[in-house]
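# Observations on the model geometry
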Amino acid sequence: GAGVSQTPSNKVTEKGKYVELRCDPISGHTALYWYRQSLGQGPEFLIYFQGTGAADDSGLPNDRFFAVRPEGSVSTLKIQRTERGDSAMYLCASSLSLADNEQFFGPGTRLTVL
Amino acid sequence: DQQVKQNSPSLSVQEGRISILNCDYTNSMFDYFLWYKKYPAEGPTFLISISSIKDKNEDGRFTVFLNKSAKHLSLHIVPSQPGDSAVYFCAARAPMYSGGGADGLTFGKGTHLIIQP
């Protein structure tokens, strides 16, 4: 079956703009995670959803970052007033449930803020 | 404060030999550990995992060893093949809602494994 998909694959924006990054998890997976990976670092946890609700958003760096998953499937990560420091690879992962430790990752969205 | 540490940014191994990738952790609440492999321009791919109730898990050419008292795990690949060249990430998770950390995975910085012919 299809894996986790993310769109766009690349996003270039200007400082101060608003961006939305989309994640389509594996069908039937109820848990969805967002991570951010900066150059030379491992992925860093941002937020995860069980169904429609954000179960843990402790990794979001500040209130410019927000994520939704209104129907319990597709999720959108929203970044307001982007800053150059937001430039990174944004990875989405899904798992069958929260109890499943194995997470399947998408290819990521490379965000560049000029 | 890095809770999962991979102290070798890169490792070069000859084809056919054993590759050993190391990982240390500081959070004693972690009870599940995973290794992911990442090629350029792709997302991480799950490789192998181990629960803290075990000290070894094997899957084909890949074996993960866990030493809880030392808070250390290692990934052994034998024999190493050219297709194994990639960045390998060690990741860990605390029990859900345990207060042991965010409920997502905590990753190390990765080790770039290069298999030389």
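To keep things clear, this report deals only with the structure shown in the data block. Just so you know, these numbers come straight off a predicted model, no measurement behind them.

## Examining the overall build of chain B
When its secondary structure is counted, chain B shows 0 helices and 11 strands. Order of helices (α) and strands (β) in chain B, N terminus to C terminus: β-β-β-β-β-β-β-β-β-β-β. For 117 residues, the compact-globule estimate of 2.2 N^0.38 gives 13 Å, and chain B sits close to it at 14 Å. Taken along its principal axes, the extent of the C-alpha atoms in chain B is 45 × 30 × 20 Å. Buried positions account for 45% of the 117 residues belonging to chain B.

## Describing the sheet that holds strand β1 (residues 5-7) of chain A
Residues and elements named next belong to chain A. Taken together, the 4 strands give an open sheet; going across it, the order is β1-β3-β8-β7, and neighbouring strands pair in antiparallel fashion. Each edge of the sheet is formed by a strand with only one pairing partner; in this case those strands are β1 and β7 (65-68). Between one strand axis and the next, the sheet turns through 15° on average, direction left out of account. By the bridge criterion, 4 bridges tie β7 to strand β8 (residues 75-79) in an arrangement that is antiparallel. Bridge pairing in β8 places Val68 opposite Thr76.

## Some thoughts on the side chain of Arg64 of chain A
Residues and elements named next belong to chain A. Within the element layout of this structure, Arg64 appears in the loop between β6 (53-56) and β7. Given a relative accessible area of 6%, Arg64 falls into the buried group. A polar contact of 2.8 Å, which involves the side chain of Arg64, links it to the side chain of Asp86. Apart from the residues within four sequence positions on either side, Arg64 is in contact with Lys78, Ile79, Gln80, Arg81, Thr82, Glu83 and Asp86.

## Quick look at the interface of chain A and chain B
With 21 residues of chain A at the contact, the number on the chain B side is 19 residues. If you sort the residues of chain A by the area they bury against chain B, Pro43, Asn101 and Phe105 of chain A come out on top, with a joint share of 29%. Where chain A touches chain B, the interface holds 0 salt bridges. Between chain A and chain B we count 5 residue pairs in polar contact (both at pLDDT 80 or more) in total. When residues of the side of chain A that touches chain B are traced back to their parent elements, those giving at least two are β4 (31-37) and β5 (44-50) of chain A. If you tally residues by element for the side of chain A that touches chain B, the top one is β4 of chain A, at 3 residues.

## Here's the deal with unusual backbone geometry
Here the amide bond leading from Thr7 of chain A into Pro8 of chain A is cis, since omega sits at -10°, within 30 degrees of zero. Examined against the element boundaries, Pro8 of chain A turns out to sit in the loop between β1 and β2 (10-13). Here the bond from Val78 of chain B into Pro79 of chain B is cis, since omega is -10°, no more than 30 degrees from zero. Inspection of the secondary structure assignment puts Pro79 of chain B in the loop between β8 (72-77) and β9 (86-93). For Lys71 of chain B, which is not glycine, the phi torsion reads 50° and is therefore positive. Relative to the elements of secondary structure, Lys71 of chain B occurs in the loop between β7 (62-67) and β8. For Lys71 of chain B, a relative accessible area of 27% translates into the label partly exposed.

## So, the sheet that holds strand β6 (residues 56-59) of chain B
Residues and elements named next belong to chain B. Strand order across the open sheet formed by 5 strands is β1-β3-β8-β7-β6, with antiparallel pairing between neighbours. Taken across any chain shown, the strands that pair with only one partner, and hence form the sheet edges, are β1 (4-5) and β6. Bridging between β6 and β7 involves 4 bridges; their strand directions are antiparallel. Note that in β7 the partner of Glu58 across the bridge is Thr63.

## Regarding the nonpolar core
All names here are of chain B. One finds Phe33, Trp35, Leu73, Leu75 and Tyr88 to be the most contacted residues of the largest nonpolar core, which totals 24 residues. For this core, the secondary structure elements donating two or more residues are β3 (19-25), β4 (32-38), β5 (45-51), β7, β8, β9 and β11 (111-116). No other element matches β9, which puts 4 residues into this core. Excluding its chain neighbours within four sequence positions, the residues that come into contact with Tyr88 are Gln6, Leu21, Trp35, Tyr36, Lys37, Leu47, Leu75, Ile77, Gly110, Thr111 and Leu113.

About the cut-offs
Residue positions within a chain follow its written sequence, with the count starting from 1. Note on labels: chains are lettered from A, ligands numbered from 1, in written order. Residue-level local features of this predicted model are given only where pLDDT is at least 70; pairs of side-chain atoms are given and counted only at 80 or more, and the full residue set underlies all totals for whole chains, interfaces and linings. Side-chain descriptors were evaluated using all non-hydrogen atoms of the structure, hydrogens and water having been removed beforehand. Put simply, DSSP H or I for four residues or longer makes a helix, DSSP E for two residues or longer makes a strand, and each gets a number counted from the N terminus. Radius of gyration: C-alpha atoms only; globule rule: 2.2 Å multiplied by the number of residues to the exponent 0.38. Burial classes: relative accessible area under 20% of the type maximum marks a residue as buried, over 50% as exposed, and values in between as partly exposed (1.4 Å probe, protein chains only). Think of it this way: DSSP has to see at least two bridges between two strands before they count as a pair. Axis definition: a line fitted to C-alpha atoms, limited for helices to the stretch in contact. Angles are taken between N-to-C directions and run from 0 to 180 degrees. Polar contacts, as counted here, are pairs of nitrogen or oxygen atoms within 3.5 Å of one another; within protein the pair requires one atom able to donate a hydrogen and one able to accept it, and residues that are adjacent in sequence qualify only if both atoms are side-chain atoms. Note on definitions: a residue-residue contact is assigned when non-hydrogen atoms from the two residues lie within 4.5 Å. The quantity reported as buried area is the accessible area (1.4 Å probe) lost by two parts once they are put together, taken as the sum for both. One side-chain nitrogen of Lys or Arg within 4 Å of one carboxyl oxygen of Asp or Glu is enough to make a salt bridge. To form a nonpolar core, buried Ala, Val, Leu, Ile, Met, Phe, Trp, Tyr and Cys residues must be joined to one another through side-chain atoms within 4.5 Å.

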